[in-house]
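Spelled out from the first residue to the last, the chains are:
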Amino acid sequence: MQLNFYNSLTRSLEEFKPLNGKTVGFYSCGPTVYNFAHIGNFRAYMFEDILHRALAYAGYTVRQIMNLTDVDDKTIRGALQQGVPLKTFTAPYIQAFFDDIKALNIMPAESYPAATDHIPEMIQLVQTLMDKGLAYKSPDGSVYFSVDRLPGYGKLAHLDRSQLRSGVRVSQDEYTKEGFGDFAVWKSWDTGDGDVVWDAPWGKGRPGWHLECSAMAMKYLGETFDLHTGGIDNLFPHHENEIAQAEATTGKDFVKTWMHCAHLRVNGEKMSKSLGNFFTLRDLFDKGFTGREIRMVLISAHYRQPLNFTFDALEAARVSLRRLDECYDALAARAGDAAPGVMPQFAATQITAFETAIGDDLNTPEALAAFYTLIRESNSALPSLTPAEAAAVIAAFEKMDQVLGIVHFGRKVEAAVPADIQALADERQAARAAKNWGESDRLRDTLAAKGWIVRDSKEGQTLRHE
RNA sequence: GGUGCGAUGGCCGAGUGGCUAGGCAGAGGUCUGCAAAACCUCGAACAGCGGUUCAAUUCCGCUUCGCACCUCCA
C-alpha cells in the first residue's frame, strides 16, 4: 500500500518511504500541561493518531514519541499562583491528557518524555551549540541561538529574515539579543521563576521551549528521522527553530517529512485559549456527547483544511454512528459463529477505495465515504448473504476500523433486558399475534416511555435501550 | 506591511477540465397492521468579474470576503 503525504518542507505531495526499512520514527509535539486541552488541541492529536494508524495499517512498525512540555512560562506561573511545586501543578493536567486521548481512542505513543526529565540532554545540546559558535551567552545569562550563523535558517517556514522584521512589534529593549530573529535556547533565572531552576555551566536557568523538542526527538529517534508533526501554528517559529538547533548540532538533515494540520474553528475563528472560544472534552461530555462522536467529527474533514466545529456536526455524527451500529449488529447476527468466507465483491471494492483515500495524504472524508458506502451496500445485500459472507463483510469493517477507530470504540454496551421489560414485550408479541393492534401499540408506547424502543422484523421484535 | 491558505447545496464536508462524493436535515416511494429501521428515487452548490478551452466548480488573472503565521499557541 502506497502512502503519499504532503511535506510542509517541500510544499509538495511525496511518496512516503521510511529511512530504515519498515520502522518509522515519528515525533509529535505534545501538550503544554498548564490546563485542560481543548478539542482544537485534540484535532492535532487526532490527525497524528490517523497517521499512526495508517502507517501501522500499511505494515510499518511505528515509533511515535510525543513530548510533554511541563516547564514554560505558563506552567511556572500556574505553580507559583497555587504555591505548589511545578510537578505538583502539572501532574493533574498530564493525567487529564492521558484520560482524554483514551476517551478519543487515540492510540498511545511509544513514550511521552517530559521536558523536566531531560534537562541534562538539553544542557548538553546548548553546550554543543555554544562550542560550535552557533549560540552565545547574553549579558543577562540567557543563551541565544544565532540565526545569522546558520545558512538555511527559514527553510521550513519559507521566510527570510528581512520579512521577519516588518510589522512585528517586539521591543528590542526586552531582549539582550544580538540579532532580531535569535531565540533563547536557555533562559536565565529570574524571580518570576521561583524555585524552577537548573544549574548549567553558563548559569542558572531553564531550557527554551524549542530546545526541548530537539533534544528529546534526537534522544529517542536519532539525529535524522522520518516524520515530525504538529499544528500549523508550530511551523514557525517552533519547528523552524527545532530544525536549526538539530541541524546546527549534527550537520545532518533533522527530519525528512514535516506534516502540519490546520486549525479547528468556531464561528470562523481559530479555537484557542487566548480567544476563550474553546470547548474541552469535559464541556462536551457534560452536554451529553461522547468521545466516539467527537472522534467522528474530528476525522470528518481533511487534516490540512480548517474544520468548522458545530453541534450540528456532533448530532450528525451521532445519527450516522447509530446506523453503523445497527448495520454491524445485523451482520453479526447473520454471521453467527461462521468463519469468514470469500469477501463479497462490494466489500472488496470499498476496501480498495478506502486504502486509496488513506494513501492520498490521509483523506479521511473520502475514506469515510467508502465506509458509508460499505454500510449501505451491506444493508442492501444482507438478506442474501450467507453466514460466511456476512463474516467476511464484518472483516472488511474491522479492516477499515484499524484506521478509523470508530466501530467498536465507545459503543454503548447493550443493557440486558430486564424481566419486567421482557414481560411487556412478550405481552405485546402475543397481542400482535392476536392482531390486537390497539393493545400492542399501547404496550409499545409503554415500553418507549421506559426507554425501550421496539422494532418489528420478519424474525420478530427487537428491543433497544435508549 | 510580509507570507501562506481558503470561499462548494439548509448544515458538515470531499473531489474533478466533460461523467453521483459522502454524512446529517428535507421530499416521494418500497417493505410493514401501523410505527421504526433498512433500501430506492429526488430536489439542491461550486463567492463575483474577466481570460484560456469545443467544454471551467476544476486552469490563469483581478475583485470581494474570511482565516492563519510573522518569536505564547495543536
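Quick look at the structure, then. Remember, it's a predicted structure, so these values are computed and weren't measured experimentally.

Structural notes on the overall build of chain A
Okay, so step 1: Helix and strand content of chain A: 15 helices and 15 strands.
Okay, so step 2: With respect to the three principal axes, the spread of C-alpha positions in chain A is 95 × 50 × 40 Å.
Okay, so step 3: Every one of the 466 residues in chain A was classed for burial, and the buried ones make up 51%.
Okay, so step 4: Total accessible area computed for chain A in this model is approximately 20,900 Å², and 52% of it derives from carbon and sulfur atoms.

Quick notes on the layout of surface pockets
Taking a probe equal in size to a water molecule and rolling it over the atoms shows the remaining empty space.
Okay, so step 1: For the second largest pocket, the calculated volume is near 1,200 Å³.
Okay, so step 2: Around the second largest pocket sit 35 residues that line it, and D325, E326, D329, R455 and R464 are the ones nearest its centre.
Okay, so step 3: Elements with a contribution of two residues or more to the lining of the second largest pocket: α9 (291-298), α10 (311-335), β14 (452-457) and β15 (460-465).
Okay, so step 4: With nine residues, the single largest contributor to the lining of the second largest pocket is α10.
Okay, so step 5: Per-class residue counts for the lining of the second largest pocket are 10 nonpolar, eight polar and 17 charged.

Topic: unusual backbone geometry
Okay, so step 1: Cis geometry is adopted by the peptide bond preceding P237, which originates at F236 and carries an omega value of 5 degrees.
Okay, so step 2: Of note, the phi angle at R11 is positive, near 55 degrees, even though the residue is not glycine.
Okay, so step 3: Mapped onto the elements of the fold, R11 is located in the loop between β1 (4-7) and β2 (12-15).
Okay, so step 4: Here D361, not a glycine, exhibits a phi torsion of approximately 55 degrees, which is positive.
Okay, so step 5: Turning to its location among the elements, D361 is positioned in the loop between α11 (345-359) and α12 (364-381).
Okay, so step 6: Overall, the relative accessible area of 2% leaves D361 in the buried class.

Observations regarding the side chain of S378
Okay, so step 1: On the secondary structure map, S378 appears in helix α12.
Okay, so step 2: Every residue in contact with S378, bar those within four places of it in the chain, is listed here: C327, L331, F346, V393 and F397.

Quick notes on empty space enclosed by the protein
Okay, so step 1: Enumeration over the complete set of coordinates arrives at three cavities of 30 Å³ or more.
Okay, so step 2: Approximately 90 Å³ is the volume found for the largest cavity.
Okay, so step 3: Lining the largest cavity are R43, M46, F47, I50, L298, I299, A301, Y303, L362 and T364.
Okay, so step 4: In terms of residue class, the lining of the largest cavity is built from eight nonpolar, one polar and one charged.
Okay, so step 5: In this structure, the second largest cavity occupies an estimated 50 Å³ of space.

Considerations on the packing of aromatic side chains
Okay, so step 1: A full pass over the atoms with the stated rule returns 24 aromatic pairs.
Okay, so step 2: Note on F145 and F183: the rings are 5.1 Å apart at their centroids and 10 degrees apart in plane angle, and the pair reads as stacked. Within this pair, whereas F145 is found in strand β6 (residues 143-145), its partner F183 is found in strand β7 (residues 183-188), the two being separated by 38 residues in sequence. The burial state of F145 is the same as that of F183; both residues are buried.
Okay, so step 3: For the pair F279 and F309, a centre-to-centre distance of 5.5 Å together with 45 degrees between the ring planes defines the contact as tilted. With a gap of 30 residues between them, F279 in the loop between β12 (269-270) and α8 (281-286) and F309 in the loop between β13 (307-308) and α10 connect regions that are remote in the sequence. Of the two residues, F279 and F309, neither departs from the other in class, the shared state being buried.
Okay, so step 4: These aromatic residues form a ring-pair network of at least three members: F42, Y45, F97, F98 and Y112.
Okay, so step 5: The ring of Y303 has R304 sitting right over it, with the charged end atom 6.0 Å from the ring centre.

Some remarks on the side chain of R43
Okay, so step 1: Tracing the backbone through its elements, the reader meets R43 in helix α1 (residues 39-57).
Okay, so step 2: One buried charged residue, R43, remains without a salt bridge, the closest side chain of opposite sign being D361 at 11 Å.
Okay, so step 3: Engagement of the side chain of R43 in a polar contact is seen with the backbone oxygen of A262, the distance being 3.2 Å.
Okay, so step 4: Apart from the residues within four sequence positions on either side, R43 is in contact with C261, A262, H263, L264, L298, A301, H302, Y303, Q305, P306 and L307.

Conventions and cut-offs
- Residues numbered from 1 in each chain as written.
- Chains lettered and ligands numbered in written order.
- Predicted model: local features only at pLDDT ≥ 70, side-chain atom pairs only at ≥ 80, totals over all residues.
- Heavy atoms only, no water.
- Helix = DSSP H or I, 4+ residues; strand = E, 2+ residues; numbered from the N terminus.
- Buried < 20%, exposed > 50% of the residue type's maximum accessible area, 1.4 Å probe, protein only.
- Areas by Shrake-Rupley, 256 points an atom, 1.4 Å probe, with all protein chains shown as cover.
- 1 Å grid on protein atoms, 1.4 Å probe; cavity = no way out; pocket = protein on both sides within 12 Å on 5 of 7 lines; lining within 4 Å.
- Points joined across faces, edges and corners; volume = space filled by probe spheres on them.
- Nonpolar A, V, L, I, M, F, W, Y, C, P; charged D, E, K, R; others polar.
- Contact = heavy atoms within 4.5 Å.
- Phe/Tyr/Trp six-rings, centres within 6.5 Å; stacked < 30°, edge-to-face > 60°.
- Lys NZ or Arg CZ within 6 Å of the ring centre and 35° of its normal.
- Lys, Arg positive; Asp, Glu negative; His and termini not counted.
- Salt bridge = Lys/Arg side-chain N within 4 Å of Asp/Glu carboxyl O.
- Polar contact = N/O pair within 3.5 Å; in protein donor to acceptor, adjacent residues only side chain to side chain.

As far as function goes, none of this settles anything; it's purely spatial.
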